[in-house]
Amino acid sequence: MSTSPRVLVVDDEDDLRDLLEITLLKMGLDVDGAADLRSARAQLGAHEYDLVLTDMRLPDGLGLDLVREIAASGRNLPVAVVTAFGSAENAVVALKAGAFDYVTKPLQLDQLRMMVQSALKLNVPSGPAVPSTVDSRLKGQSAAMQALRAQIARLARSMAPIAITGESGSGKELAAREIHAQGARADKPFIAVNCGAIPEALMEAEFFGYRKGAFTGAADERDGFFQAANGGTLMLDEVADLPLPMQVKLLRAIQERRVRKIGATAEEPVDVRIVSATHQDLARCVEQGKFRQDLFYRLNVIELSLPPLRERLDDLPVLTDAILARLSAPGGPPATLGPGVLDALRGYSFPGNVRELENILERALAFSNDGVIGVADLALKGARLAEPQAATPAPAPAASVPVEAPVPLVSPAPAPAGERMPPLPDLSVLPSNLPAYLERVEREIIVRALDQTQYNRTQAAQLLGISFRQLRYQMQKLGIQEPEG
């Protein structure tokens, strides 16, 4: 009995079916053919297959029906469709229905071979499964994260374009990398591109590459992002920032799966899976005329939405443990959270999501004593505090007597007993740049404390009532260095 992967080809055109069968046989595969849906269903009932390749239009129905039936059956069987040239809508519909991938007529045999190889990787065992390394931003056992990981596992089996949405810091690129790592292209390149960071004049060269001498400064031939990601995944981060002229060129590259370098006369085939991401509402960008509807349609085949951290606060213990384990000094004691810290974090809204949590903990660790982070070390801004008791409202003044309350001058709070608190400087002239002014004041205070202690940082920290780590962190931030000699 043959151990070669088995493929079912469904097409009513004898010549095309023969071409497909010959191409697949030359790849060392076993091939069965069917001319209509009835025959295809009979073959599927009688044999186990590793791949189904079906035309969209058949004498007794649509190949799309076969796609949906196999998807609904739960069989671990990738299905690819053959669509007519220019029928991008049919390809998108098939991908949404569960198709693994598609090829267009007239067939490009090199593209067909790459697609078949990718599909068969999903069903060929390659030894014990090795779990991918999940970044801390995707950790957690909340219902939202369990559903997200299950969806990522399903999406990894398809070649359909994915549009990842989510707030800044929620882990969009990490989700894209996880989809790539769990899919058939895991051993191929993953190229992430920040579309908003590329100057418009350089975009075509960066995406598609250029030939030597194509323009002034093109001293050598260079591949673009599409060529660099060939066989793998190309992530277009902040895709909403692409200018309209570049959107047209990107759409053609995605549809035709071919690109032309600047200065070249011929196109070259590329095999990439497209994953896009943005924190903007792409549908609204389409309505506003900032984003092409046809490109939106091609990118948004499957949408993956990442939950913000404020909607999965139950994951905070797992997230903080993972982040602190990464931040702890090698060989040293592990960093930990002191009493009340988790409660304080739960009371914060995290507008920057898990990325902000990472920054908060990294800063807090620098301020902490002996690696134990306290609530004060967090320095949370705008955290939700306990609701104050409602005060009895003062009686309103009579309507006929307009009252304008004077604005009181704010006096500095008195210093706690036993603490030194020098008087405030003269503020009759307000600084035009408050952050720079405060930085200068802080720098001067730290330098004076260091001078008084002959640059003994431990004594200087005690003099200022802060931890040694806090002083070291501030010295690094402000660029304060111990004088030589």
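Before reading on, note that the structure itself is shown above.
Before going into details, it helps to say that this report is about the structure given with it.

What counts and how
Residues numbered from 1 in each chain as written. Predicted model: local features only at pLDDT ≥ 70, side-chain atom pairs only at ≥ 80, totals over all residues. Heavy atoms only, no water. Pairing = 2+ DSSP bridges. Helix = DSSP H or I, 4+ residues; strand = E, 2+ residues; numbered from the N terminus. Axes fitted to C-alpha atoms, helices over the stretch in contact; angles between N-to-C directions. Buried < 20%, exposed > 50% of the residue type's maximum accessible area, 1.4 Å probe, protein only. Lys, Arg positive; Asp, Glu negative; His and termini not counted. Salt bridge = Lys/Arg side-chain N within 4 Å of Asp/Glu carboxyl O. Contact = heavy atoms within 4.5 Å. Polar contact = N/O pair within 3.5 Å; in protein donor to acceptor, adjacent residues only side chain to side chain. Parallel < 35°, antiparallel > 145°, perpendicular 65-115°, else oblique. Left-handed = near helix turned anticlockwise from the far one by under 90°. Core = buried A, V, L, I, M, F, W, Y, C linked by side-chain atoms within 4.5 Å.

A few words on the sheet that holds strand β14 (residues 302-305). With parallel pairing, the five strands of this open sheet are ordered in space as β9-β10-β13-β8-β14. Of all the strands in the sheet, the pair left with one neighbour each is β9 (190-194) and β14. Between one strand axis and the next, the sheet turns by 20° as a mean value, whatever way the strands run. Looking at chain direction, strand β8 (residues 162-165) and strand β13 (residues 273-278) are connected through four bridges and run parallel. What sits directly across from Thr165, in β13, is Thr278.

It is worth spelling out the side chain of Glu21 at this point. Tracing the backbone through its elements, the reader meets Glu21 in helix α1 (residues 14-26). Despite its burial, Glu21 remains without a salt bridge, the nearest opposite charge being carried by Arg17 at 4.1 Å. In contact with Glu21, other than residues within four places in its own chain, are Val31, Asp32 and Gly33.

With respect to the element layout, Ser328 can be found in the loop between α13 (316-327) and β15 (336-337). Ser328 sits in the buried class, given a relative accessible area of 15%. At 2.7 Å, the side chain of Ser328 forms a polar contact with the backbone oxygen of Leu324. Ignoring any residue separated from it by four or fewer positions in sequence, one finds Ser328 in contact with Pro333, Pro334 and Ala335.

Two packed helices can be described by the angle between their axes and the distance between those axes. As a packed pair, helix α2 (residues 37-46) and helix α3 (residues 63-73) sit with axes 11 Å apart at the nearest point and diverge in direction by 25°. Between α2 and α3, the crossing angle belongs to the class labelled roughly parallel. When the axes of α2 and α3 are compared, the crossing they make is right-handed. Where α2 approaches α3, its residues Leu37, Ala40, Arg41 and Leu44 are matched on the opposing element by Asp65, Leu66, Glu69 and Ile70.

For the rest of this paragraph, the subject is the nonpolar core. If you look at the biggest cluster of nonpolar residues, it comprises 44 residues, and the most contacted ones within it are Leu8, Val10, Leu44, Val52, Leu66, Ile164 and Leu304. The dominant element in this core, judged by the number of residues it contributes, is helix α4 (residues 88-97), at five residues. In this view, Val52 contacts Leu8, Val10, Leu44, Leu66, Ile70, Leu77, Pro78, Val79 and Ala80; residues no more than four positions away in its chain are not counted.

Strand order in the open sheet made by the five strands is β2-β1-β3-β6-β7, with parallel pairing throughout. The open sheet terminates on both sides in strands that have one partner only, identified here as β2 (30-34) and β7 (101-104). In this sheet, adjacent strand axes meet at a mean angle of 20° when their direction is disregarded. Of the pairings in the sheet, the one linking strand β3 (residues 51-55) to strand β6 (residues 79-83) comprises four bridges and is parallel in character. Among the inter-strand pairings, Val52 is bridged to a residue of β6, identified as Val79. Helix-sheet contacts for α1 involve β1 (6-10), β2 and β3, and the interaxial angle to β2 is about 170°. Most of the contacts of α3 go to β3, to which it runs at about 155°, and overall it touches β1, β3 and β6.

What follows deals with the pattern of salt bridges. Tallied over the entire structure, the rule returns 23 salt bridges. Among the ionic pairs, Lys261 bridges to Asp223, the shortest N-O distance being 2.7 Å. A residue pair is termed long-range when its members are at least 10 positions apart, and Lys261 in the loop between β11 (258-259) and β12 (268-269) and Asp223 in the loop between α8 (203-208) and α9 (225-228) qualify at 38 residues. Taking relative accessible area as the criterion, Asp223 reaches 44% and is therefore assigned partly exposed. Of the charged contacts, one joins Arg258 and Glu267 as a salt bridge, the two residues approaching to 3.8 Å between their closest N and O atoms. For Glu267, a relative accessible area of 23% corresponds to the partly exposed category. When salt bridges with common partners are traced through the structure, they connect Arg211, Glu221, Asp223 and Lys261 into a single cluster.

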